[in-house]
Amino acid sequence: NAGVTQTPKFQVLKTGQSMTLQCAQDMNHEYMSWYRQDPGMGLRLIHYSVGAGITDQGEVPNGYNVSRSTTEDFPLRLLSAAPSQTSVYFCASGRESGANVLTFGAGSRLTVL
Amino acid sequence: AQSVTQLGSHVSVSEGALVLLRCNYSSSVPPYLFWYVQYPNQGLQLLLKYTSAATLVKGINGFEAEFKKSETSFHLTKPSAHMSDAAEYFCAVSRAGSQGGKLIFGQGTELSVKP
C-alpha cells in the first residue's frame, strides 16, 4: 500500500550513541517533514524538506540532522543521543502547498537511557 | 507567529452525546486549518481541513468544524459520539502560501467515550 514507512518502530539508545530513523514515501510527494510528539506538547516540527537537496529547520532542530538525496527518502539522524530526545517521532509527507494534507507514518518510539 | 491552542487536554462524553473539541488559533494572515485524529499507537489521519472556501467544513466519520474569523476559532463537533471516536485529536494551522505547508499543532485533546 502507498504511504509513509518509518523504521525502526522501537529503539533504545544509551546517552551519546548515534542513530538514524528512516523514512520513505512512495507517493512522489515533494514535501517531507519530521515531528516529535511529547505528552502535553502536541507535535513539534524538527526539520522539513521541500524537495531533493533542500532542507530547513523547524521549531526544535537542535541535536538532529537531515538530508534529502532522493524524493522518496528523508532520514533523521541523532548525532549524540540525550535523554531529552526520548519521544515518539513521526515522519510526514505531502504536496508542496500551504493547504497540503500530510500523510503520516506510524511513528518510531525512541528511548534514550 | 502562528500558534494553536486547544482548550482541555482531556474531554469525556457519554456515547450518543455531543462532542465539542475547542481550537483557537492566532495568525497574521489567512490560515489553513486542520483537524487530525490519532488512534492509539498509530500515526495521524486527517479528519477535515479549512482552506477559505465554505466556513462550515464536513469531515469523515460525521465530524464537522466551523471557521469563525471573528473568534479565531475552529471548533470540532460531532452530534453523537460513538465508542470508536475515542482517540486523541489535534488542531493544526498553516499559513496560506507557506512553503511546504508547515503545520503548527496544538497540544492535543484526548477524547474518552463512556458507554
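Structure: above.
Residues numbered from 1 in each chain as written. Chains lettered and ligands numbered in written order. Predicted model: local features only at pLDDT ≥ 70, side-chain atom pairs only at ≥ 80, totals over all residues. Heavy atoms only, no water.

Once that is clear, we can look at the interface of chain A and chain B. The interface of chain A with chain B comprises 22 residues on the first partner and 24 residues on the second. Summed over both partners, the interface of chain A with chain B comes to about 1700 Å²; 58% of that surface belongs to carbon and sulfur atoms. Counting every contact that joins chain A to chain B gives zero salt bridges. On inspection of chain A and its partner chain B, the count reaches four residue pairs in polar contact (both at pLDDT 80 or more). (Contact = heavy atoms within 4.5 Å. Buried area = accessible area lost by both parts, 1.4 Å probe. Salt bridge = Lys/Arg side-chain N within 4 Å of Asp/Glu carboxyl O. Polar contact = N/O pair within 3.5 Å; in protein donor to acceptor, adjacent residues only side chain to side chain.)

Residues and elements named next belong to chain A. Within the open sheet, the four strands sit side by side as E1-E3-E8-E7. Their pairing is antiparallel. The two strands at the open ends of the sheet, each matched to only one other strand, are strand E1 (4–7) and strand E7 (64–66). Strand-to-strand twist across the sheet, computed as the mean angle between neighbouring axes with direction ignored, equals 20°. Where E1 and strand E3 (residues 19–25) come together, four bridges link them in antiparallel fashion. The partner of valine 4 across the bridge, within E3, is glutamine 25. (Pairing = 2+ DSSP bridges. Helix = DSSP H or I, 4+ residues; strand = E, 2+ residues; numbered from the N terminus. Axes fitted to C-alpha atoms, helices over the stretch in contact; angles between N-to-C directions.)

This part takes up the state of the cysteines. Scanning the model with the defined rule gives two disulfides over all chains in all. One disulfide in the model links A:Cys23 with A:Cys91; its S-S distance is 1.8 Å. Negative torsions about the S-S bond denote left-handed disulfides, and the value of about -75° found for A:Cys23 with A:Cys91 makes this one left-handed. With A:Cys23 in strand E3 and A:Cys91 in strand E9 (residues 87–94), this pair connects stretches of sequence that are 68 residues apart. A residue is classified by how much of its surface remains accessible, and A:Cys23, at 2% relative accessible area, is buried. The partner cysteine of B:Cys23 in its disulfide is B:Cys91, sulfur to sulfur 2.0 Å. Its torsion about the S-S bond being -65°, the disulfide of B:Cys23 and B:Cys91 is classed as left-handed. (Disulfide = S-S within 2.5 Å. Buried < 20%, exposed > 50% of the residue type's maximum accessible area, 1.4 Å probe, protein only.)

All names here are of chain B. The biggest cluster of nonpolar side chains holds 27 residues, and the ones touching the most others in it are Trp35, Leu47, Leu48, Phe74, Leu76 and Tyr89. Sorting the residues of this core by element identifies strand E2 (10–14), strand E3 (19–26), strand E4 (31–38), strand E5 (44–50), strand E7 (64–68), strand E8 (73–78), strand E9 (87–95) and strand E11 (109–114) as the ones contributing at least two each. Not counting chain neighbours up to four residues away, the residues in contact with leucine 48 comprise Leu33, Phe34, Trp35, Val57, Lys58, Gly59, Phe63, Glu64, Ala65, Phe74 and Leu76. (Core = buried A, V, L, I, M, F, W, Y, C linked by side-chain atoms within 4.5 Å.)

Attention now moves to unusual backbone geometry. With omega at -10°, the peptide bond leading from A:Thr7 into A:Pro8 counts as cis. Inspection of the secondary structure assignment puts A:Pro8 in the loop between E1 and strand E2 (10–13). In this structure, B:Asn41 takes a positive phi of about 60° despite not being glycine. With a phi angle near 45°, B:Thr72 is a residue other than glycine that sits in the positive phi range. Relative to the elements of secondary structure, B:Thr72 occurs in the loop between E7 and E8.

Quick look at the side chain of A:Gln37 now. Relative to the assigned elements, A:Gln37 resides in strand E4 (residues 31–37). Within polar-contact distance, the side chain of A:Gln37 engages the side chain of B:Gln38 at 2.9 Å. Leave out the neighbours within four places in its chain, and A:Gln37 touches A:Gly42, A:Leu43, A:Ser87, A:Val88, A:Phe90, B:Gln38, B:Glu88 and B:Phe90.

Function cannot be inferred from these measures alone, as they are strictly geometric.
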